[in-house]
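Below, each chain spelled out in residue letters.
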2 protein chains.
Amino acid sequence: MAKDMTLLWGTGSPPCWRVMIALEEKNLQGYDHKLLSFEKMEHKSQQVLDINPRGQLPTFKHGDNVINESYAACFYLESQFKSQGTKLIPDGPAEQALMYQRMFEGLTFYEKLNAVIYYEWYVPEGERHESALKRNKEALVTELKLWEGYLQKLGSGSYLAGPSFTLADVVVFPTVGTVFRFGLSPERYPKLGEYYNLLKERPSVKASWPPHWLENPKGQDTLKDI
Amino acid sequence: MAKDMTLLWGTGSPPCWRVMIALEEKNLQGYDHKLLSFEKMEHKSQQVLDINPRGQLPTFKHGDNVINESYAACFYLESQFKSQGTKLIPDGPAEQALMYQRMFEGLTFYEKLNAVIYYEWYVPEGERHESALKRNKEALVTELKLWEGYLQKLGSGSYLAGPSFTLADVVVFPTVGTVFRFGLSPERYPKLGEYYNLLKERPSVKASWPPHWLENPKGQDTLKDI
């Protein structure tokens, strides 16, 4: 059914996970896919570069259409398969406004997370500063508190843009999954913890759960004290 | 006609400019707006914080709906005023795929630009490194060459996603405007220069041109040698 789609992906990459959740929600199982290794630098392999000049994962193709950016692929899939699977963009203007707003705040959330957990990966050795990492951690705490507040306001059992699961959940959940994988305390961030527990049981999320997280259920503790 | 809309904005800010172009294209002139000063830190004023906890511009409200993220506001406006003004999302799957892809690559373009022209603003004095700024400049050159190649492939007079002006142009043009404002050489990047010349005459772009650029037509020369 989704035989004319190809996804090259890496395990544990939130951008890849977004696209995989979207594909599941739109009932597009059965697409061609290949798991590549970031450690082995396979995201810079010719196979990727032929489709994606940026050498990044996800790399995604539907027929002749190349849509490598994860948000772009999610929008595209919802638009092309509107009446198939879960409807991911709500009709009501208020819910739609909130969905778009949270989707794009989600990019900031993801960026602030990366600036902490991958600090040493992004910043070469001679350029690292304790002061910068401390500031990045404070910015992440501010960010986490914003999201905790958003969920608090919406009430128990809510999705990010209200009562329905939307594109906002598709793109932001992988970041939430990652903060807990890196040891965030659900006691300190109970609403985020509740949201995580709600979503992790969703079939699309379970079906796309990062395989190396399944193999090694214990994650890192990088965020345990923040 | 757009009396139930309020925009708080800053001159020369690409995110603000995106929303202003979208409003023009959707024939939503006449909205309430207020020009605030980044220098005077008015983006952190109570007026902004009441609507936007991030204290950023643009800050945008339509009725009770708050959509501060610039991409979110552009998507929202197109969705809510679909049949009004310019149709900003094309129907064809191939053009749509390209539009989404370029829109989100546009965020990387914007980020790589900021990492050069605002390096000193983003990085505190004791944490600056010549090696980092040099790397940022190289990354910007790589990025500019990608976009130059995209435009080259599409041929003269094309918009970013093909023959029609789309959301990709709405969100990426302000970045292109900024690279030339900061002295990029149109001789070295002729396709980007051609695209800039095409778009700068468009009514929506002219109507929203940053007022301080009009007051001081001469920009910086930060990018003249890259």
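Reading the values: rules and limits
Residues numbered from 1 in each chain as written. Chains lettered and ligands numbered in written order. Predicted model: local features only at pLDDT ≥ 70, side-chain atom pairs only at ≥ 80, totals over all residues. Heavy atoms only, no water. Patch = residues over 30% accessible without salt bridge, like charges linked within 9 Å, V, L, I, M, F, W, Y side chains within 5 Å. Areas by Shrake-Rupley, 256 points an atom, 1.4 Å probe, with all protein chains shown as cover. Salt bridge = Lys/Arg side-chain N within 4 Å of Asp/Glu carboxyl O. Buried < 20%, exposed > 50% of the residue type's maximum accessible area, 1.4 Å probe, protein only. Domains from an automatic or database assignment. Contact = heavy atoms within 4.5 Å. Buried area = accessible area lost by both parts, 1.4 Å probe. Pairing = 2+ DSSP bridges. Helix = DSSP H or I, 4+ residues; strand = E, 2+ residues; numbered from the N terminus. Phe/Tyr/Trp six-rings, centres within 6.5 Å; stacked < 30°, edge-to-face > 60°. Lys NZ or Arg CZ within 6 Å of the ring centre and 35° of its normal. Least-squares fit on C-alpha atoms with pLDDT ≥ 70 in both. Axes fitted to C-alpha atoms, helices over the stretch in contact; angles between N-to-C directions. Parallel < 35°, antiparallel > 145°, perpendicular 65-115°, else oblique. Nonpolar A, V, L, I, M, F, W, Y, C, P; charged D, E, K, R; others polar.

K.L.:
I keep staring at a nonpolar patch on the surface and nothing clicks. Help me out?
P.N.:
A cluster of nonpolar side chains, contributed by A:Tyr118, A:Trp121 and A:Tyr122, occupies part of the molecular surface with about 390 Å² of accessible area. For A:Trp121, a relative accessible area of 65% gives the class exposed.

K.L.:
How should I be thinking about the domain arrangement of chain A in this particular structure?
P.N.:
Interface size is often expressed as the accessible area that is lost when the parts come together. All names here are of chain A. For chain A, the assigned domains read domain 1 (5–80) and domain 2 (93–215). Of note, the centres of domain 1 and domain 2, computed from C-alpha atoms alone, are 20 Å apart. At the interface, 16 residues of domain 1 touch 24 residues of domain 2. Summed over both sides, the interface of domain 1 with domain 2 buries roughly 1,900 Å², with 75% coming from carbon and sulfur. For domain 1, the biggest contributors to the area lost against domain 2 are Trp17, Arg18 and Tyr71; these three give 37% of the whole. At the junction of domain 1 with domain 2, the criterion picks out one salt bridge. For Glu25, the salt bridge identified is with Arg202, shortest N-O distance 2.7 Å.

K.L.:
Would you mind showing me how to read the sheet that holds strand β1 (residues 5–9) of chain B here?
P.N.:
Either a parallel or an antiparallel arrangement is found when strands of a sheet pair, and the pairing is made through backbone hydrogen bonds. Residues and elements named next belong to chain B. As summarised here, the arrangement of the four strands in space is β2-β1-β3-β4, forming an open sheet in which the pairing is mixed. Each having just a single partner strand, β2 (32–35) and β4 (65–66) make up the two edges of the open sheet. Where β1 and β2 come together, four bridges link them in parallel fashion. Looking at β2, one finds that Leu8 is bridged to Lys34.

K.L.:
Quick question: what am I supposed to make of the pattern of salt bridges here?
P.N.:
For side chains of opposite charge, pairing can occur when their charged atoms come near one another. The full count for this structure, using the stated rule, is 24 salt bridges over all chains. With a closest N to O distance of 3.2 Å, A:Asp225 and A:Lys224 form a salt bridge. Overlapping salt bridges, with partners in common, bring together A:Arg54, B:Arg102, B:Glu105 and B:Glu143 in one network.

K.L.:
What am I meant to see in the side chain of B:Ser70 here?
P.N.:
Residue and element names in this part refer to chain B. Its place among the elements puts Ser70 in helix α3 (residues 70–80). By relative accessible area, Ser70 is classed as buried at 6%. Excluding residues that lie within four positions of it along the chain, Ser70 makes contacts with Pro15, Arg18, Val19 and Pro58.

K.L.:
How should I be thinking about the interface of chain B and chain A in this particular structure?
P.N.:
Between chain B and chain A, the contact holds 34 residues from the first and 34 residues from the second. Both sides together, the interface formed by chain B and chain A hides about 2,800 Å², and carbon and sulfur atoms give 54% of it. Counting the surface chain B buries against chain A, the share from its top three residues, B:Arg54, B:Phe104 and B:Glu127, is 22%. There are six salt bridges connecting chain B and chain A. Measuring nitrogen to oxygen at the nearest pair gives 2.9 Å for the salt bridge that ties A:Glu105 to B:Arg54.

K.L.:
Looking at this structure, I do not really get the packing of aromatic side chains. What am I missing?
P.N.:
We describe a pair of aromatic rings using the distance from one ring centre to the other and the angle between the two ring planes. All chains considered together, the criterion is met by 42 aromatic pairs over all chains. Relative to A:Trp209, the ring of A:Tyr196 lies with its centre 6.3 Å away and its plane at 55 degrees, an arrangement referred to as tilted. Of this pair, A:Tyr196 sits in helix α8 (residues 190–200) while A:Trp209 sits in the loop between α9 (203–207) and α10 (211–215), placing them 13 residues apart in sequence. For the ring pair B:Trp17 and B:Trp209, a centre distance of 5.1 Å and an interplane angle of 90 degrees mean the geometry is edge-to-face. In this pair, B:Trp17 sits in helix α1 (residues 14–25) while B:Trp209 sits in the loop between α9 (203–207) and α10 (211–215), placing the two residues 192 residues apart along the sequence. In terms of burial, B:Trp17 and B:Trp209 fall into one category: buried. When the ring centre of A:Phe165 is taken as reference, the NZ or CZ atom of A:Arg202 above it lies at 3.7 Å.

K.L.:
Please explain the sheet that holds strand β3 (residues 59–62) of chain A as it appears in this structure.
P.N.:
The mixed open sheet is built from four strands, whose spatial order is β2-β1-β3-β4 (chain A). One side of each edge strand has no neighbouring strand; the edge strands of this open sheet are β2 (32–35) and β4 (65–66) of chain A.

K.L.:
Looking at this structure, I do not really get the relation of the copies chain B and chain A. What am I missing?
P.N.:
Here two copies of a chain appear, and what relates them is a rotation about an axis with a shift along it. After a rotation of 180 degrees and a shift along the axis of 0.0 Å, chain B superposes on chain A with an RMSD of 0.0 Å. Interpreted geometrically, this transformation is the action of a two-fold axis. Judged by C-alpha distance, B:Glu127 is the residue of chain B that lies nearest the rotation axis, at 3.7 Å. When the interface residues of chain B are mapped onto chain A, 100% of them are again interface residues, pointing to one common binding face.

K.L.:
Teacher, can you tell me more about the packing of helix α1 (residues 14–25) of chain A against helix α3 (residues 70–80) of chain A here?
P.N.:
Describing two packed helices takes the angle between their axes plus the distance from one axis to the other. Residues and elements named next belong to chain A. At a minimum axis separation of 8 Å, α1 and α3 run at an interaxial angle of 10 degrees. Judged by the inter-axis angle, α1 sits roughly parallel to α3. Each of Pro15, Arg18, Val19, Ala22 and Leu23 in α1 lies in contact with α3, whose residues at this interface are Ser70, Tyr71, Ala73, Cys74 and Leu77. Grouping the constituent residues of the contact of α1 with α3 by class yields eight nonpolar, one polar and one charged.

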